[in-house]
Amino acid sequence: MSKNDCIIRLERKEDYPVVENLIRESFWNVYRPGCMEHYLITRLREHPDFVKELDFVMEKDGKIIGQNVFVKANIIADNGSDIPILTMGPICITPELKRQGYGKILLDYSTRKATELGFGAVCFEGNIDFYGKSGFTYASEFGLRYHGLPEDADASFFLCKELIPGYLSGITGEYGPPEVYLFLEEEAEEFDKKFPYKEKLKLPGQLF
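Calculation notes
Residues numbered from 1 in each chain as written. Predicted model: local features only at pLDDT ≥ 70, side-chain atom pairs only at ≥ 80, totals over all residues. Heavy atoms only, no water. Helix = DSSP H or I, 4+ residues; strand = E, 2+ residues; numbered from the N terminus. Rg over C-alpha atoms; globule rule 2.2 N^0.38 Å. Buried < 20%, exposed > 50% of the residue type's maximum accessible area, 1.4 Å probe, protein only. Contact = heavy atoms within 4.5 Å. Phe/Tyr/Trp six-rings, centres within 6.5 Å; stacked < 30°, edge-to-face > 60°. Lys NZ or Arg CZ within 6 Å of the ring centre and 35° of its normal. Salt bridge = Lys/Arg side-chain N within 4 Å of Asp/Glu carboxyl O. Axes fitted to C-alpha atoms, helices over the stretch in contact; angles between N-to-C directions. Parallel < 35°, antiparallel > 145°, perpendicular 65-115°, else oblique. Nonpolar A, V, L, I, M, F, W, Y, C, P; charged D, E, K, R; others polar.

Moving on to the overall build of the protein. What the protein contains, in helices and strands, is five helices and 11 strands. By the compact-globule yardstick of 17 Å for 208 residues, the protein fits well, its C-alpha radius of gyration being 17 Å. Overall, the protein is about 50 × 40 × 30 Å in size when its C-alpha atoms are taken along their principal axes. Per-residue burial for the protein yields a buried fraction of 47% across its 208 residues. For the protein, contacts bridging at least 24 residues in sequence account for 70% of all contacts bridging at least 6.

Structure follows, in structure tokens:
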């Protein structure tokens, strides 16, 4: 697939309803019956730690087919200092174009732009099989722990990528998702009423 096949640009206000619907379609019944990510994006856009310069959409033939966003976060280092980093997502590609390389192009472009803005690292929750192809690895390899997770628990979902080589060298500490990512399921349920009805299904492999 050629990179000339699509363009990546900053999200505009008029894109919001299209992007919210795209996210809903992409995440519906994937991690849970229904989804909450389309509500999450509305919270993130209003938050002071949302990085507007890294709020991207991907277009193909004039239609938005993908999106990715970043939020400022911190590692609470064991020496007592706060290490500024980014967290990421939701990120998605429209379901009919998944597994065709568009997601990697969007991810690589957006992390490159984050590097250009001077951010040192990205931590977030994801699947190593996909994100590993773009330089992410297990955060434990950087001496990072996920907040509230017991030492013997599976932390393979907790991923990290250094954007500036050596940025996390000599640091051990703990990461927790920014509070803006945490909200009541009822809030998302209420928001979802604005959208056309879709059936919620309990499917094998869902996390919740």
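The rest of the description comes next.
With that settled, the discussion passes to the packing of aromatic side chains. In this structure the tally under the stated criterion is 13 aromatic pairs. For the ring pair Tyr 39 and Phe 183, a centre distance of 5.1 Å and an interplane angle of 85° mean the geometry is edge-to-face. Taken together, the positions of Tyr 39 in helix H2 (residues 37–45) and Phe 183 in the loop between strand E11 (173–175) and helix H5 (185–192) put the pair 144 residues apart, joining distant regions of the chain. On the accessibility criterion, Tyr 39 (13% relative accessible area) is buried. Here the aromatic rings of Tyr 39 and Phe 191 are separated by 5.5 Å at their centres, their planes lie at 45°, and the arrangement is tilted. Taken together, the residues Tyr 39 in helix H2 and Phe 191 in helix H5 connect sequence positions 152 residues apart. Accessibility assignment for this pair places Tyr 39 and Phe 191 in one class, buried. Each member of the aromatic cluster is reached from another via a ring pair, and the members are Tyr 39, Phe 183, Phe 191 and Phe 195. Here Arg 45 stacks its cationic end above the ring of Tyr 16, 3.7 Å away from the centre of that ring.

Before going further, it helps to spend a moment on the pattern of salt bridges. By the definition in use, this model includes 16 salt bridges. The closest approach of N and O atoms between Asp 5 and Lys 60, which form a salt bridge, is 3.1 Å. In this pair, Asp 5 sits in the segment before strand E1 (7–10) while Lys 60 sits in strand E2 (residues 56–60), placing the two residues 55 residues apart along the sequence. The salt bridge involving Glu 190 is made with Lys 193; its shortest N-O contact spans 3.1 Å. Classification of Glu 190 as partly exposed rests on a relative accessible area of 48%. It is possible to trace a salt-bridge network through shared partners that takes in Arg 9, Asp 15 and Glu 59.

What follows covers the packing of H2 against H5. It is at 9 Å that the axes of H2 and H5 come closest, and there the two elements cross at 100°. If you check the angle between H2 and H5, you find them roughly perpendicular. Together, His 38, Tyr 39, Thr 42 and Arg 43 of H2 and Glu 187, Ala 188, Phe 191 and Asp 192 of H5 make up the contact between the two elements. Counted by class, the contact of H2 with H5 contains three nonpolar, two polar and three charged residues.

The subject of this paragraph is the packing of helix H1 (residues 16–27) against H2. It is the contact of H1 with H2, at a shortest axis distance of 8 Å, that shows an interaxial angle of 140°. Here H2 runs oblique to H1, going by the angle between their axes. Contacts between H1 and H2 involve Tyr 16, Val 19, Glu 20, Ile 23, Arg 24 and Phe 27 on the former and, on the latter, Glu 37, His 38, Ile 41, Thr 42 and Arg 45. Of the residues that constitute the contact of H1 with H2, the class distribution is five nonpolar, two polar and four charged.

By themselves, these are just geometric observations and shouldn't be taken as functional.
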